[in-house]
Amino acid sequence: MAERAFIVSTLISCGVPARDSADVAQAVVLGAWQAIEADRYRPDPAVNARQVLRRWLRGVAWRQATHYLESAYVRHEVLHHEPVGPLRHVVGLNLEAQLQARAEMETLLALWQMPLWAREVLALAALGHEGTEIASVLHLHRGTAVSRLRRARKLLACMRKRKGGR
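Residues numbered from 1 in each chain as written. Predicted model: local features only at pLDDT ≥ 70, side-chain atom pairs only at ≥ 80, totals over all residues. Heavy atoms only, no water.

The next thing to look at is the packing of aromatic side chains. Tallying each qualifying case throughout the model produces one aromatic pair. Seen from their ring centres, Y41 and W56 are 4.4 Å apart, and the 40 degrees between their planes marks the pair as tilted. Residue Y41 is found in the loop between helix 2 (21-37) and helix 3 (49-70), and its partner W56 is found in helix 3; the two are separated by 15 residues along the sequence. Relative accessible area serves as the criterion here: at 19%, Y41 is assigned to the buried category. Its end group placed over the ring of W112, R119 keeps NZ or CZ at 5.2 Å from the ring centre. (Phe/Tyr/Trp six-rings, centres within 6.5 Å; stacked < 30°, edge-to-face > 60°. Helix = DSSP H or I, 4+ residues; strand = E, 2+ residues; numbered from the N terminus. Buried < 20%, exposed > 50% of the residue type's maximum accessible area, 1.4 Å probe, protein only. Lys NZ or Arg CZ within 6 Å of the ring centre and 35° of its normal.)

The phi dihedral of D39 falls on the positive side, at around 65 degrees, and the residue is not glycine. Looking at where D39 falls in the secondary structure, it is placed in the loop between helix 2 and helix 3. Despite not being glycine, H139 has its phi angle at roughly 60 degrees, a positive value. Residue placement: H139 occurs in the loop between helix 6 (131-138) and helix 7 (142-162). Note on H139: relative accessible area 72%, which makes it exposed.

Take the nonpolar core next. Judged by nonpolar contacts, the single largest core of 19 residues is most densely connected at I7, L11, V16, V28, W56 and L57. Looking at this core, the element that brings in the most residues is helix 3, giving seven residues. Sequence-distant contacts of V28, that is, excluding residues within four places in its chain, are made with I7, L11, V60, A61 and Q64. Counting 14 residues, the second-largest nonpolar core is a separate cluster that includes M114, L124, A125 and M159. (Core = buried A, V, L, I, M, F, W, Y, C linked by side-chain atoms within 4.5 Å. Contact = heavy atoms within 4.5 Å.)

Set out below in structure tokens:
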């Protein structure tokens, strides 16, 4: 309990509201105690004990804060009169245009989450380049460029399917 202030400050810096920090700090202490009893805390005796304990407690507090912030009773759902939810900009006058814009946004988000090599080959293919041209631009063998393009398209399709895209 000597590190209670440290735990609370770590939780608040992780985004836990101050009003809930005492409850989450209790979960941190309980989790740390259970980990110690399960022999998952094995500090190096050659290093400063308090420093090692604080680093370890910071990890436990971070995990507890993440669990707390992702729990259902913390999230807030905002109901909206539009079936697709609020859009940031006016997209069109009809629902179909809004759904199309939402699908395109999901594709862009999926592209952003892809590895750099996949984004490169997909961007070049979108500009109309063929496998040979992609290979020369990226300084690759033609077979490698074609293989990367195929894998990138497959990865994009899988990511869109997981996100519920079309």
